[in-house]
Amino acid sequence: MKKLLLVGSVLILLTACEKQQIETLDQPLILGKATPINLNLDVTTVQIEDYIIDISRLDSVSTDAPFRLTRKDGTLTISGRPQLPLYNLTFWSKGIGESVLLKRTKKTMYSFLYQAAGGEKDVKIKGEFNAWNPNNTVLDQKGDSFSGYELLSPGSYQYLFVVDGKEMRDPQNPDSISNGMGGWNSLIEIEGPDMQKVPTLKTYDYSESTINLESNNPIQRVYAYWNNTLLPETHVKLEDNSISITLPKNAKQAKRSLIRLWAYNEEGISNDVLIPLDQGEVLSSVDQLSRSDYEGMIMYFLMVDRFHNGSKSNDRPLNIPEVHPKADYFGGDLPGVSAKVDDGYFSDLGINTIWLSPITQNPEGAFGKYPEPETSFSGYHGYWPISNIRVDDRFGTETEFRMLIDKAHDADMNVLLDYVANHVHEQHPIYQQNPDWATNLYLPDGSLNTERWDDHRLTTWFDTFMPTLDLSRLEIVNPMTDSAMFWLTKYGIDGFRHDATKHIPEIFWRTLTSKVKKRVVSETGQPVFQIGETYGSHELIKSYISTGMLDAQFDFNMYDRSVSAFAGAGSLKDLANSLRESIKYYGDHNLMGYITGNQDRPRFISYADGSLKFGEDTKYAGWNRKITLQDTLAYQKLSSLTAYMMTIPGIPCIYYGDEYGSPGGNDPDNRRQMKFEGLDKHQIATRERTKKMINIRRTNLALIYGDTQILEESETHLVLSRSYFNNRVISVFNTGDEPAEVAIPKGGETNFYGTIVEDKITVPAFAFEMITYN
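From a predicted model like this one, the values you see are computed outputs, not experimental measurements.

(A) Structural detail: the pattern of salt bridges. A complete count under the given rule lists 44 salt bridges for this structure. One salt bridge connects glutamate 539 with lysine 107, and the closest N-O pair in it is separated by 3.6 Å. In this pair, glutamate 539 is assigned in helix H9 (residues 538-542) and lysine 107 in the loop between strand E7 (96-104) and strand E8 (108-115), connecting sequence segments 432 residues apart. For glutamate 539, a relative accessible area of 32% translates into the label partly exposed. For lysine 107, a relative accessible area of 31% gives the class partly exposed.

(B) Region of interest: the sheet that holds strand E32 (residues 552-553). Pairing in this open sheet of eight strands is parallel, and the strands run E32-E31-E30-E29-E26-E25-E34-E33 from one edge to the other. Strands with a single pairing partner mark the edges of an open sheet, and in this sheet they are E32 and strand E33 (593-595). Sheet analysis places strand E29 (residues 414-419) next to strand E30 (residues 495-498), joined by four bridges and oriented parallel. Note on E30: the bridge partner recorded for tyrosine 419 is histidine 498. Against the sheet, helix H14 (residues 633-647) touches E33 and strand E34 (651-655), its axis set at about 150° to E34.

(C) Geometry of the packing of helix H5 (residues 398-410) against helix H7 (residues 474-491). Where H5 meets H7, the axes come as close as 11 Å, and the angle between the chain directions of the two elements is 70°. The pairing of H5 with H7 is recorded here as roughly perpendicular in orientation. Taken together, the residues of H7 that come into contact with H5 (itself represented by Glu398, Phe401, Arg402 and Ile405) are Trp487, Lys490 and Tyr491. The residue makeup of the contact of H5 with H7, split by class, is four nonpolar, no polar and three charged.

(D) Quick peek at the packing of helix H10 (residues 556-567) against H14. Running from N to C, H10 and H14 cross one another at 145°; their axes reach a closest spacing of 9 Å. Once H10 is placed against H14, the crossing between them reads as right-handed. Here Met558, Tyr559, Ser562, Val563, Phe566 and Ala567 of H10 come into contact with H14, specifically with Lys637, Ser640, Leu641, Tyr644 and Met645. Of the residues in the contact of H10 with H14, the class split is eight nonpolar, two polar and one charged.

(E) Looking closely at the sheet that holds strand E4 (residues 68-72). Ordered by their spatial adjacency, three strands build an open sheet running E2-E5-E4, and the pairing between neighbours is antiparallel. In this open sheet, the two edge strands, each paired with only one partner strand, are strand E2 (43-47) and E4. Each neighbouring strand pair of the sheet contributes to a mean axis angle of 20°, computed without reference to strand direction. As judged from the five bridges shared by E4 and strand E5 (residues 75-79), these two strands associate in the antiparallel manner. Bridge assignment links arginine 71 to a residue of E5, and that residue is leucine 76.

(F) Representation of the side chain of serine 178. Here serine 178 shows up in strand E14 (residues 176-178). Dropping the residues within four chain positions of it, serine 178 is found in contact with Gln158, Gly183, Trp184, Arg561 and Ala569.

(G) Quick look at the packing of aromatic side chains. This structure, assessed with the given rule, holds 48 aromatic pairs. Centre to centre, the rings of phenylalanine 367 and tryptophan 384 are 6.1 Å apart; their planes meet at 85°, and the pair counts as edge-to-face. Here phenylalanine 367, found in strand E27 (residues 367-370), pairs with tryptophan 384, found in the loop between strand E28 (375-377) and H5; they are 17 residues apart in sequence, far enough to count as distant. Of the two residues, phenylalanine 367 and tryptophan 384, neither departs from the other in class, the shared state being buried. Among the aromatic residues, ring-to-ring pairing joins Tyr110, Phe112, Tyr114, Phe129, Phe146, Tyr157, Tyr159 and Phe161 into one connected group. Here the basic side chain of lysine 340 rests over the ring of phenylalanine 676, its NZ or CZ set 4.0 Å away from the ring centre. Taking the ring centre of phenylalanine 766 as reference, the NZ or CZ of lysine 637 above it sits at 4.9 Å.

(H) A look at unusual backbone geometry. A cis geometry characterises the amide bond from glutamate 372 onward to proline 373, with omega recorded as 0°. Note that proline 373 resides in the loop between E27 and E28. Here aspartate 667 and proline 668 are connected by a cis peptide whose omega angle stands at 5°. Even without being glycine, lysine 94 reaches a positive phi, approximately 55°. Its location among the elements puts lysine 94 in the loop between strand E6 (86-93) and E7. What makes lysine 94 exposed here is its relative accessible area of 72%. In this structure, aspartate 240 takes a positive phi of about 55° despite not being glycine. Within the secondary structure, aspartate 240 is located in the loop between strand E20 (236-239) and strand E21 (242-246).

(I) View of a nonpolar patch on the surface. A surface patch of nonpolar side chains, about 390 Å² in accessible area, is lined by Leu41, Met109, Tyr149 and Leu151. Here tyrosine 149 is to be found in strand E11 (residues 145-152).

Cut-off values and rules
- Residues numbered from 1 in each chain as written.
- Predicted model: local features only at pLDDT ≥ 70, side-chain atom pairs only at ≥ 80, totals over all residues.
- Heavy atoms only, no water.
- Salt bridge = Lys/Arg side-chain N within 4 Å of Asp/Glu carboxyl O.
- Helix = DSSP H or I, 4+ residues; strand = E, 2+ residues; numbered from the N terminus.
- Buried < 20%, exposed > 50% of the residue type's maximum accessible area, 1.4 Å probe, protein only.
- Pairing = 2+ DSSP bridges.
- Contact = heavy atoms within 4.5 Å.
- Axes fitted to C-alpha atoms, helices over the stretch in contact; angles between N-to-C directions.
- Parallel < 35°, antiparallel > 145°, perpendicular 65-115°, else oblique.
- Nonpolar A, V, L, I, M, F, W, Y, C, P; charged D, E, K, R; others polar.
- Left-handed = near helix turned anticlockwise from the far one by under 90°.
- Phe/Tyr/Trp six-rings, centres within 6.5 Å; stacked < 30°, edge-to-face > 60°.
- Lys NZ or Arg CZ within 6 Å of the ring centre and 35° of its normal.
- Patch = residues over 30% accessible without salt bridge, like charges linked within 9 Å, V, L, I, M, F, W, Y side chains within 5 Å.
- Areas by Shrake-Rupley, 256 points an atom, 1.4 Å probe, with all protein chains shown as cover.

Listed below in structure tokens is the structure:
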């Protein structure tokens, strides 16, 4: 009998082990995280190659939803109106499935009406819902009335009427909001779910084989994924408001894998949860992270010519009267960046990802024109390529670039290259030999097609000497994507920042990403990070982010609202709403870029100290005023902005010089020479605060993988919480001119300006605090 009992016990143990094992393919169908598919109201079209690079391996597709699936020529059509908030879609190969979450969108038809006062002929609307392009929403006229509609998801939307070319607020809508630049926009609020009743998921605890989560509200269903495999019900236990996940036993075979989780109830969809596994167990220490764990990246953007001169031998400024010294070459180069890797500047600051401005060959001579002072420009910035595969000799050599990559990798840093695909300089051989490859410089009405950023965004030229390539044509897409691949395969860079993303058709991004996955990720196992630059609506920005296109984009809407809030023109309540919007569109664990500044915007600190006024021509100011720091309180405000970017989900990005507070108007005044020495005491203190904030970000998993909550908000103060199991960081921001006192949990440690007494913290005027809990 004892022998039989022993055999029975072994059988039970084996059965349990088999249940923990999840069957997977030797070579995955889907490379990387599968981005959820947002369902339209009736019909949704999916490009299968966005998820599966080798469609020949795909046997079938299924869903747990009552939809009709139609597969034709690489396209999957999902037909049917979704009734539940979430569903699952599974791609099958050899009887094994890999899955993608399906999310119902809740769009409402919102009607606009303009009552003519007399004689109006043309009424349009520009707003956050149409990329601020009035040609996207033209109202129909019937008598004295103009009307139209938009399908809008729950949330807040700013907009303006454009009546016969003149912008104005909606006369019939009393709600308005500051645009952060000295003006006002009309505001729509589309009611969404009651967030007090929607499930909010929180990581609770874990063991070697399980993860436990809690919800503040009842849950109807959970969708949990290990990488891109839907976990079966045997691995997901839902009891009351608690969720228990049994980890797949074969997860131990992978250095890094991911648990992702969504839930819903009748009111709506929960936040999404991301939990990294290290050799099959919950990642519990930042020491387990590598530079390929993108959520842990701290990015630093530098303009090569303005950063550091490491070799005088390649200095070749134009030194001609037509070019103002501000618009000429300063001498920074690749050896200069290498020198700063060597001397530990980046690692001491806490940077683990360097983003270089374009380094491809740019033309000799001067181009373009600015009226006052009258000047042309050199190609010091790198955005006028005459070659897409040659290192500009004024920045260095191929050998020096390779040396920089090797040094950065040895220091455990990524290197991202700014890549320009949208346009070339008129001297580029690709244009010289194929002038028909460019879009038309003149529109059918005879007007010049330059700087038509929104109404002709896929064809507009940036200037008359910069032809935009027609990247809707595959014969042009292929050589241009191959030139991008050149930098990956020859030098081993870690990814790209893509210039002018919204001006390039989606076929380019799909082609490039397919090549990246086939030629680099599949063959070497090395991931490649791609982040784009798009100014526009959340919808437009998001449209380029998917498994088959880009990993992320820079969130300029968040940046603009942050500048307004922390420099004193806007409110923290508006900023909190912007955070909700960004999370709604990009997810709770997005990889969006959150900048302290960039080469196209005036320096934040010059707004914060009053040197620049919101609404003024900051480019003109940069040329015609000597902008210096006027109020040292601006350094504290800059640190508040940086602390906010270090707190929220996404990838924080320091623009060179912002770590100490470089002032300036717009381009080129925001591109001054980097300073490593000769900083005053305020600049040194600001750089030390930046360093400390980065260290807090990098040493707290809560700020890398944590859940996000807005605990408290008002016009002048904001309290954010990030939690990852027992690690927590609470950030408190105060933009008011009086101290702010807020309640917080006991046991936290202050790091900057706050003072804790029992369960309350006081933060001084125009200051912040990051409270850490372990």
